[in-house]
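This is what each chain is made of:
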Amino acid sequence: MSNRREFTKPVYAEIVKRAMHPKLGLCCEGCGLVLGKKPYHVDHTIADALQIDKSRKLTADDGKLLGVECCHKPKTVDDVGVIAKAKRVEANYHGFAAPKQKIKSAGFPVSEKSAARQTKIPLPPRPLYRPQEDTP
Ligand SMILES: [Zn+2]
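To start, this report covers the structure provided alongside it. Just so you know, the residues in each chain are numbered from 1, in the order the chain's sequence is written. In keeping with the predicted nature of the model, local features appear solely for residues at pLDDT of at least 70, side-chain atom pairs appear and are counted solely at 80 or more, and the whole-chain, interface and lining totals rest on all residues. The side-chain numbers reported here are obtained from all heavy atoms of the structure, hydrogens and water having been left aside.

As a further point, take the overall build of the protein chain. Scanning the protein chain for helices and strands turns up three helices and four strands. Each helix corresponds to a stretch of at least 4 residues labelled H or I by DSSP, and each strand to a stretch of at least 2 residues labelled E; elements are numbered beginning at the N terminus. In the protein chain, the order of α-helices and β-strands from amino to carboxyl end is α-β-β-β-β-α-α. A simple rule labels every residue: compare its accessible area, found with a 1.4 Å probe on the protein chains alone, to the largest value its type can have, and call it buried under 20%, exposed over 50%, or partly exposed in between. With 136 residues in all, the protein chain has 22% of them scored as buried. Surface exposure here means Shrake-Rupley accessible area, sampled with a 1.4 Å probe, where a residue is shielded only by the protein chains that are shown. Accessible surface, the protein chain as shown: approximately 11900 Å² in total, 61% of it carbon and sulfur.

Here it is as structure tokens:
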């Protein structure tokens, strides 16, 4: 059984019908943009993962017809953020969450000055090629 409920076909059709303007055609229910042939998505009004009562059947009121380009993408990002946050809170509660801050490294970082002092004087670089006169 899937955790995410999808709209049944009649409900989906109802939403599409609702978003259909008699003269302009399909309009985005998010911003009112006339979509025409542009791609759209029927989105859940409330992020489904956050809905408490999973047994309640979805109705047309639970969905919104959104233009993919104008409204669907940002909304989805938002939903994911909210859900991720909710999951983080839960994880924190159970103590599974990774530490928020980086663990400070032990000791102080080596300062440039002392690093220079420790650096040995480099040997003169070896010639990459043997001098010409050595080759027969
Ligand atoms: Zn829109």
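On to the pattern of salt bridges. Counted as salt bridges are all cases of a side-chain nitrogen of Lys or Arg within 4 Å of a carboxyl oxygen of Asp or Glu. Per the counting criterion, the structure on display carries two salt bridges. Note that Glu29 and Arg18 form a salt bridge whose closest N and O atoms lie 2.8 Å from each other. Separated by eleven residues along the polypeptide, Glu29 in the loop between strand 2 (25-26) and strand 3 (40-44) and Arg18 in helix 1 (residues 9-19) bring together distant segments of the chain. Its relative accessible area of 23% is what places Glu29 among the partly exposed residues. The exposure class of Arg18 is partly exposed, given its relative accessible area of 38%. Of the charged contacts, one joins Arg56 and Asp62 as a salt bridge, the two residues approaching to 3.1 Å between their closest N and O atoms. Judged by relative accessible area, Arg56 falls into the partly exposed class, the value being 37%.

In the first shell of the zinc ion, the protein supplies Cys28 (SG), Cys31 (SG), Cys70 (SG) and Cys71 (SG), at 2.2 to 2.3 Å from the metal. Only nitrogen, oxygen and sulfur atoms qualify as donors, and only when within 2.8 Å of the metal (3.2 Å in the case of Na, K and Ca); with water excluded, sites may look incomplete. Donor angles set the geometry label: tetrahedral for four donors if every angle is between 85 and 135 degrees, square planar for four and octahedral for six if opposite donors exceed 155 degrees and the others are between 65 and 115, irregular for anything else. In this structure, the zinc ion is surrounded by four donor atoms whose angles at the metal cover 105 to 116 degrees, and the resulting shape is tetrahedral.

Put simply, buried Ala, Val, Leu, Ile, Met, Phe, Trp, Tyr and Cys residues joined by side-chain atoms within 4.5 Å make one nonpolar core. Ranked by size, the top nonpolar core spans 14 residues in total, and within it Phe7, Ile15, Leu26, Val42 and Leu65 carry the most contacts. Of all the secondary structure elements, the ones that give two or more residues to this core are helix 1 and strand 4 (63-67). Tallying contributions element by element places helix 1 first for this core, with four residues. Contact partners of Leu26, with chain neighbours within four places excluded, come to Val16, Ala19, Met20, His21, Leu33, Val34, Leu35, Gly36, Tyr40 and Leu65. Note on contacts: a residue pair is in contact if any heavy atoms of the two residues lie within 4.5 Å.

On to helix 1, then. Listing the buried residues of helix 1 in full gives Val11, Ile15, Val16 and Ala19. Each buried residue of helix 1 lies within a common arc of 140 degrees when the element is viewed along its axis, so the set occupies one face. Set apart from the buried face of helix 1 by more than 90 degrees, the exposed residues are Lys9, Pro10 and Lys17. Where the residues of helix 1 are buried, they touch strand 1 (20-21), strand 2, strand 3 and strand 4. Arc, as used here, means the arc of the directions from the helix axis to the C-beta atoms.

Relative to the helices and strands, Asp43 is located in strand 3. According to the relative accessible area criterion, Asp43 is buried, its value standing at 4%. Taking C-alpha positions, Asp43 is 6.7 Å from Leu66, a pair spaced 23 residues apart along the chain.

Time to look at the pairing of strand 4. Within a regular strand, side chains alternate between the sheet's two faces. Within strand 4, four of the five residues are buried, leaving the element largely enclosed by the surrounding structure. One requirement defines pairing of two strands: DSSP has to find at least two bridges between them. Pairing analysis gives five bridges linking strand 3 to strand 4, with the strands arranged antiparallel. Bridge pairing in strand 4 links Tyr40 to Gly67.

Keep in mind these values describe shape, not function.
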